[in-house]
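A look at the structure
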Amino acid sequence: MTQDEQKQAVAREAIRHVVPDSWVGVGSGSTANFFIDELARIKHNIKGAVSSSAKSTARLQAHGIEVEELNNVDDIPVYIDGADEVTRWGAMVKGGGGALTREKVVAAASRKFVCIVDRTKVVPVLGTFGLPVEVIPMARSYVARELVHLGGRPAWRMGFTTDNGNVILDVDGLAITDPTALETTINQIPGVVTVGLFAHRGADVILVGSDTGVETLTPAR
């Protein structure tokens, strides 16, 4: 299967995790887009979606799926999203599309996180993909210097502004052997909104698309 066919396969499989007559947490990015398209097929069986980005909101609404503010929803049984990298233990790097903060918030508010990826995204150690860090604009240079002290090579994602009005630093050069500890360390730097490490709240289920079908991983948490 091609990479897109693998993404379509995991998107179809993810529908099995959707709870009828409930709100569905929906992520961002190319694989999440395939899921949104599949979700449209069962839109009459759900209340609607809680979206993690403006782009996902627009796609959901184009399909006629109601999108509700997180503040108005008190129970999200499942959040479904892709990842830029994921380990078999459920830790992820996310934020290639710049929606990491809202993704992390909706994931935290959901009872179960189902990560949908093609097989190229499963890695033994995180860090090959540049680690996104959302930063308030006035703190960009300061945070960059602090990330250098941690061994990283941060680069400003110029010309890009998040849905929250902030900027992104993409950090190369980090071999992330302890993602939970690094997530805590970076989040404590003043000026950081959040880092694109999802380790404290990682994936509960990982659906991996491959040439032979979809593999289901259930990390011990």
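As a reminder, the structure under discussion sits directly above these lines.
I will try to describe carefully the structure that is included in this document. From a predicted model like this one, the values you see are computed outputs, not experimental measurements.

**As for the sheet that holds strand β4 (residues 85-86)**
Spatially, β4-β5-β11 is the arrangement adopted by the three strands of the open sheet, whose pairing is antiparallel. A single partner strand is all that each edge strand has here, and the edge strands are β4 and β11 (197-198). As defined by bridge partners, strand β5 (residues 92-93) adjoins β11 across two bridges and the pair is classed as antiparallel. Bridge assignment links Met92 to a residue of β11, and that residue is Phe198.

**Section: the layout of surface pockets**
One simple way to see leftover space: roll a probe sized like a water molecule over the atoms. Within this model, the largest pocket holds a volume of roughly 400 Å³. Forming the walls of the largest pocket are 26 residues, and the residues nearest its centre are Ser28, Gly29, Gly97, Gly98 and Glu103. Of all the elements in the fold, those that place two or more residues in the lining of the largest pocket are α2 (30-39) and α3 (54-62). With four residues, the single largest contributor to the lining of the largest pocket is α2. Counted as a void, the second largest pocket has a volume near 320 Å³. Element by element, the count of residues in the lining of the second largest pocket is highest for helix α4 (residues 100-108), at three residues. Among the residues forming the lining of the second largest pocket, the class breakdown is six nonpolar, four polar and three charged.

**Quick look at the packing of aromatic side chains**
Applying the stated criterion to the full structure yields one aromatic pair. Summarising the aromatic geometry, the rings of Tyr79 and Phe113 are spaced 5.1 Å apart at their centres and angled 75 degrees between planes, so their arrangement reads as edge-to-face. Here Tyr79, found in strand β3 (residues 76-81), pairs with Phe113, found in strand β6 (residues 110-118); they are 34 residues apart in sequence, far enough to count as distant. Comparing Tyr79 with Phe113 shows no difference in burial state: the two are buried. Between Arg157 and the ring centre of Phe160, over which it is positioned, the NZ or CZ distance is 5.3 Å.

**Topic: the pattern of salt bridges**
This structure, assessed with the given rule, holds twelve salt bridges. Note that Glu103 and Lys94 form a salt bridge whose closest N and O atoms lie 3.3 Å from each other. Lys94 matches Glu103 in its accessibility class, with the two residues each being buried. The partner of Arg201 in a salt bridge is Asp204, with the nearest N and O atoms 2.8 Å apart. For Arg201, a relative accessible area of 21% translates into the label partly exposed.

What counts, and where the lines are drawn
Residues numbered from 1 in each chain as written. Predicted model: local features only at pLDDT ≥ 70, side-chain atom pairs only at ≥ 80, totals over all residues. Heavy atoms only, no water. Pairing = 2+ DSSP bridges. Helix = DSSP H or I, 4+ residues; strand = E, 2+ residues; numbered from the N terminus. 1 Å grid on protein atoms, 1.4 Å probe; cavity = no way out; pocket = protein on both sides within 12 Å on 5 of 7 lines; lining within 4 Å. Points joined across faces, edges and corners; volume = space filled by probe spheres on them. Nonpolar A, V, L, I, M, F, W, Y, C, P; charged D, E, K, R; others polar. Phe/Tyr/Trp six-rings, centres within 6.5 Å; stacked < 30°, edge-to-face > 60°. Buried < 20%, exposed > 50% of the residue type's maximum accessible area, 1.4 Å probe, protein only. Lys NZ or Arg CZ within 6 Å of the ring centre and 35° of its normal. Salt bridge = Lys/Arg side-chain N within 4 Å of Asp/Glu carboxyl O.

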